[in-house]
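Each chain is listed here by its residues.
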There are 2 protein chains.
Amino acid sequence: MTDVHVVGVGMTRFGKHPDADSTDLGAQALLEAVADAGIDPRLIEAAYCGHVFQGMVTGQRVLAQVGLAGLPLTNVENACSSGATAIREASFAVRAGEYDVVVAVGTEHLTSQFRGALTPDPSDPEAAVGATMPSVYAMRARRYMHEFGMTREQLALIPVKNKNNAALNPLAHFRTRITVEDVLESRPVADPLRLHDCSPVTDGAAAVILMSDKAKKRFCDTRAVRLAASTLRSGSVDVEPTSMTFEPLTRLTAQDAYERAGIGPEDVDFCEVHDCFSIAEVLRVEGLGLFGQGEYPAAVQRGEADLGGRLPVNPSGGLLGKGHPLGGTGVAQVVELVRQLRGEAGNRQIEGAKVGLAHCRGGKAVGIEGAACTVQVLTR
Amino acid sequence: MTDVHVVGVGMTRFGKHPDADSTDLGAQALLEAVADAGIDPRLIEAAYCGHVFQGMVTGQRVLAQVGLAGLPLTNVENACSSGATAIREASFAVRAGEYDVVVAVGTEHLTSQFRGALTPDPSDPEAAVGATMPSVYAMRARRYMHEFGMTREQLALIPVKNKNNAALNPLAHFRTRITVEDVLESRPVADPLRLHDCSPVTDGAAAVILMSDKAKKRFCDTRAVRLAASTLRSGSVDVEPTSMTFEPLTRLTAQDAYERAGIGPEDVDFCEVHDCFSIAEVLRVEGLGLFGQGEYPAAVQRGEADLGGRLPVNPSGGLLGKGHPLGGTGVAQVVELVRQLRGEAGNRQIEGAKVGLAHCRGGKAVGIEGAACTVQVLTR
């Protein structure tokens, strides 16, 4: 069976795009991925589009806008893991032998849907008791501080690191360096979380072109990066019964990915993780087994997760700094992995990176019912 | 590479379910499919869920409700082709060698979203000029009458046939036989279409369990039906430039399916097609190449599409009679194909059926931008 390779990547500037919609953004990202791959776009045989709030047949509109109408296209939705899931499904289409060249696009025009925190679904039992996303993550932060002695200042170092990385990323939503004081003085959202602890409402899109071994050898051999694993799991209280400070769902999905890729967490050179809130980055890297439980805040303080550190986390700026257009996020993480693995990440380049990991988590924060978690491993 | 087999099917009663939601319906259909397959549900390794208006991570909620949380689950959306696309993606996961047992669920609680015709998307350029679905299909009906001399009475024979089939289907939304007079005297919707020419707002869900060759041999050999083709294409004016009475998108998608299945339209014993309006059935069966262009209305008049005819069309009752819960529709079509091919369709059984075809068409009716078309071929 063929391996799957990422041969082209593209993304829009993340931020507010009042003069565009999700179709425009998706089309721009797709065209950039085609240009990056250096291929004739007519080689593309099928497409997958990840989005959440963009309405029916959004991906088909993207194809039509770039003159590729007629291809098979599937829209996929897995909340904040939608873009990552689009890549996974595209990789199955290649591995099934159905196609040799497939594109995955993630797009979201979120500013036209929400201004602040996403409105919970009316059927949501957590929201019915006021447990919106910021409030749940605030409780998780408070509990983590209680269990592991993390200080508020340590937590603030995460948005500082990610926004300082974003300042080096020309496509990031935020490009201003910040300090711990900036975080602590920003507007309270849900105690102890403040504005800089929360990912923003962002518009944006990203696209990746996948190829089989055969197509890669023929069209794009030199710059290809291998998709070594793309795993997905769903969650609920059955999966995550008790803890506010550990994520079994993230752990299980990561274990699947390590097994597929034939690596362990010790082999990961850098990662992009789902830092929808500052505390979320802590929970994710520990869930992934990249840092021991309770150990990440001190590691950040020692600079271990910085661009020049032992294991850089969110070199792109992450959701906190680069922004979080739901469907776009998972694909943009892979765009960053590919640019780093190719050595094309400019002044945020991680030297000698060979193995990158991307993690998304969508749906419920602790999971009464629905959640979707993805882990992707790319290797050079 | 493995073939893909349908080894279990289930569906809810289609109709109005004021005391259930899309999760409840999806869970019921899934459990029925498991019971029909006669397998331990813990054999299921992954799931796909097709729906349109049911909100984030709907499929994950279905899994959680039946105690299968933790599995990989992808929600797919391709408008009215969502359920069919879920089956297609599930089949790729099997063919890719990722899983041996996968379930595809389609579900929609439409009565909680709409009462009459679906509200068009605000960005929709057709809707901006009043071209809602009923009005576009009304124009297509009028044009077809002009080009091919179809009479209003001939068109009425289609809802009569489908609702009379539905009267034989214990799970159909409508179970009352009707006459041509009933159609012609029903409330006008968009001239020449009347209420009986339009599919209803329906709640419902369906599920199918797919297996690889290996799993089928081990667990479910005797009643399995082969999924010989599951094809998808997107559309736009680029694909369908001129005609109101012929569907190049349906034709292209069908050609792909015939090629994959190694058959021609002459080999199809019966079909379920996307009769969202009476005229739609005409356009679909002719687009599929099952009847010559302009010839279907007279063929219906001769009884050729009846249960005992040369090529029964919509034996289940179709969208007009069985009902049309968007995400559920494409999966329910395959449920009917499987029951017919197994000889388990009761008093609507088509004798000796060996090859069944299902067709869905979602999104725009004539296609300025986005549309999704699927064709599936099942063989015994």
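Along each chain, residues carry numbers from 1 onward, in the same order as the chain's sequence is written. Going through the entries in the order they are written, you letter the chains from A and number the ligands from 1. Side-chain atom pairs in this predicted model are given and counted only at pLDDT of 80 or more, local residue features only at pLDDT of at least 70, and totals for whole chains, interfaces and linings cover all residues.

(A) Broad picture of the overall build of chain A. For chain A, the count of helices and strands is 13 helices and eleven strands. Over its C-alpha atoms chain A spans a radius of gyration of 19 Å, differing by no more than 12% from the 21 Å that the globule rule assigns to 380 residues. Each of the three principal axes of chain A carries a C-alpha extent, and together these read 55 × 45 × 40 Å. Looking at chain A residue by residue over its 380 residues, the buried ones come to 64%. Of the contacts made within chain A by residues no fewer than 6 positions apart, 78% connect residues no fewer than 24 positions apart. Helix numbering and strand numbering both begin at the N terminus, where a helix is a DSSP run of H or I of at least 4 residues and a strand a DSSP run of E of at least 2. Atoms counted for the radius of gyration: C-alpha only. Globule rule: 2.2 Å times the number of residues to the power 0.38. Residues with at least 20 neighbouring C-beta atoms inside 10 Å of their own are called buried, those with 12 or fewer are called exposed, and the rest are partly exposed, where every C-beta is derived from the backbone. Residues are treated as contacting if the C-beta atoms built from their backbones sit within 7 Å of each other.

(B) Quick look at the pairing of strand 8 (residues 225–235) of chain A. All names here are of chain A. Most of strand 8 sits inside the fold, with ten of its eleven residues counted as buried. Here strand 1 (residues 4–11) pairs with strand 8 via two bridges, running antiparallel. If you follow Val6 over to strand 8, its bridge partner there is Val225. Think of it this way: DSSP has to see at least two bridges between two strands before they count as a pair. Sheet analysis places strand 8 next to strand 11 (residues 371–379), joined by nine bridges and oriented antiparallel. Note that in strand 11 the partner of Leu232 across the bridge is Thr374.

(C) View of the relation of the copies chain B and chain A. Overlay of chain B on chain A (RMSD 0.0 Å): rotation 180°, translation along the axis 0.0 Å. These values place the two chain copies in the arrangement generated by a two-fold rotation axis. In this assembly, 100% of the residues forming the interface of chain B have copies in chain A that are likewise at the interface, indicating an isologous arrangement. For this overlay, a least-squares fit was computed on C-alpha atoms, restricted to residues scoring pLDDT of at least 70 in both copies.

(D) Layout of the interface of chain B and chain A. In this assembly, 45 residues from chain B lie in contact with 45 residues from chain A. For the side of chain B that touches chain A, the elements supplying multiple residues, two or more each, are helix 2 (58–65), strand 3 (73–77), helix 3 (82–95), strand 8 (225–235), strand 10 (355–363) and strand 11 (371–379) of chain B. For the side of chain B that touches chain A, the per-class residue count stands at 19 nonpolar, 16 polar and ten charged. Inspection of the sheet shows strand 3 (residues 73–77) of chain A paired to strand 3 of chain B by three bridges, in the antiparallel sense. Bridge pairing links A:Val76 to B:Val76 in strand 3 of chain B. Ten residues, namely Ala, Val, Leu, Ile, Met, Phe, Trp, Tyr, Cys and Pro, are considered nonpolar, four, namely Asp, Glu, Lys and Arg, are considered charged, and the remaining ones, Gly among them, are considered polar.

(E) Highlighting the packing of helix 5 (residues 133–148) of chain B against helix 10 (residues 278–287) of chain B. Residues and elements named next belong to chain B. In the contact formed by helix 5 and helix 10, the axes pass within 9 Å of each other and the chain directions differ by 65°. Crossing of helix 5 over helix 10 shows left-handed handedness. Seen from helix 5, the contacting residues are Tyr137, Arg140, Ala141 and Tyr144; seen from helix 10, they are Ile279, Ala280, Val282 and Leu283. When grouped by side-chain class, the residues that make up the contact of helix 5 with helix 10 number seven nonpolar, no polar and one charged. As a rule, the C-alpha atoms of each element are fitted with a line to give its axis, helices using only the stretch in contact, and angles between N-to-C directions run from 0 to 180 degrees. Note on convention: the crossing is left-handed when the near helix lies turned anticlockwise from the far helix by less than a right angle, right-handed when the turn is clockwise.

(F) Main features of the domain arrangement of chain A. Residue and element names in this part refer to chain A. Here the bounds of each domain stem from an automatic or database domain assignment. You can read the domains of chain A as domain 1 (4–114 + 202–225) and domain 2 (125–199 + 227–379). Inter-centroid distance (C-alpha atoms) of domain 1 to domain 2 is 23 Å. Taken residue by residue, the interface counts 39 residues in domain 1 and 35 residues in domain 2. Sorting the residues of the side of domain 1 that touches domain 2 by element identifies strand 1, helix 3 (82–95), strand 4 (101–109) and strand 7 (203–212) as the ones contributing at least two each. For the side of domain 1 that touches domain 2, the class distribution of residues is 20 nonpolar, 14 polar and five charged.

(G) The arrangement of the packing of helix 1 (residues 22–37) of chain B against helix 2 of chain B in detail. Residues and elements named next belong to chain B. Viewed as axis vectors pointing N to C, helix 1 and helix 2 meet at an angle of 55°, and their least axial separation amounts to 8 Å. By the criterion of interaxial angle, the relationship of helix 1 to helix 2 is oblique. Two packed elements cross with a definite hand, and for helix 1 against helix 2 that hand is right-handed. Taken together, the residues of helix 2 that come into contact with helix 1 (itself represented by Ser22, Thr23, Gly26, Ala27 and Leu30) are Thr58, Arg61, Val62 and Gln65. Should an angle fall under 35 degrees it is called roughly parallel, over 145 degrees roughly antiparallel, and 65 to 115 degrees roughly perpendicular, with every other angle called oblique.

(H) Geometry of the nonpolar core. A:Ala104, A:Val105, A:Val208, B:Val102, B:Ala104, B:Val105 and B:Val208 are the most contacted members of the largest nonpolar core, which totals 256 residues. In contact with B:Ala104, not counting residues within four places along its chain, are B:Tyr48, B:Ala86, B:Ile87, B:Ala90, B:Ala207, B:Val208, B:Leu210 and B:Val331. By definition, a nonpolar core groups buried Ala, Val, Leu, Ile, Met, Phe, Trp, Tyr and Cys residues that are joined through C-beta atoms within 7 Å.

(I) Focus on the confidence of the model for chain A. Confidence of the predictor in every single residue is expressed as pLDDT, which spans 0 to 100. Considering every residue of chain A, the mean pLDDT works out to 94; 97% of them sit at 70 or more. As a predicted assembly, this complex carries a pTM of 0.97 together with an ipTM value of 0.96.

(J) The pairing of strand 1 (residues 4–11) of chain B, seen in detail. Residue and element names in this part refer to chain B. Counted residue by residue, strand 1 has eight buried out of eight residues, so it is predominantly covered. The pairing of strand 1 with strand 7 (residues 203–212) spans seven bridges and is classified as antiparallel. Residue pairing for strand 7: Val6 is matched across the bridge by Leu210.

(K) The arrangement of unusual backbone geometry in detail. All names here are of chain A. Cis geometry marks the peptide bond from Asp191 to Pro192; its omega dihedral reads 10°. Structurally, Pro192 is set in the loop between strand 5 (188–190) and strand 6 (193–194). In the Ramachandran plot, Val57 falls in the positive-phi region, its phi being about 45° despite a non-glycine side chain. Looking at where Val57 falls in the secondary structure, it is placed in the loop between strand 2 (46–50) and helix 2 (58–65). A count of 31 C-beta atoms within 10 Å places Val57 in the buried class.

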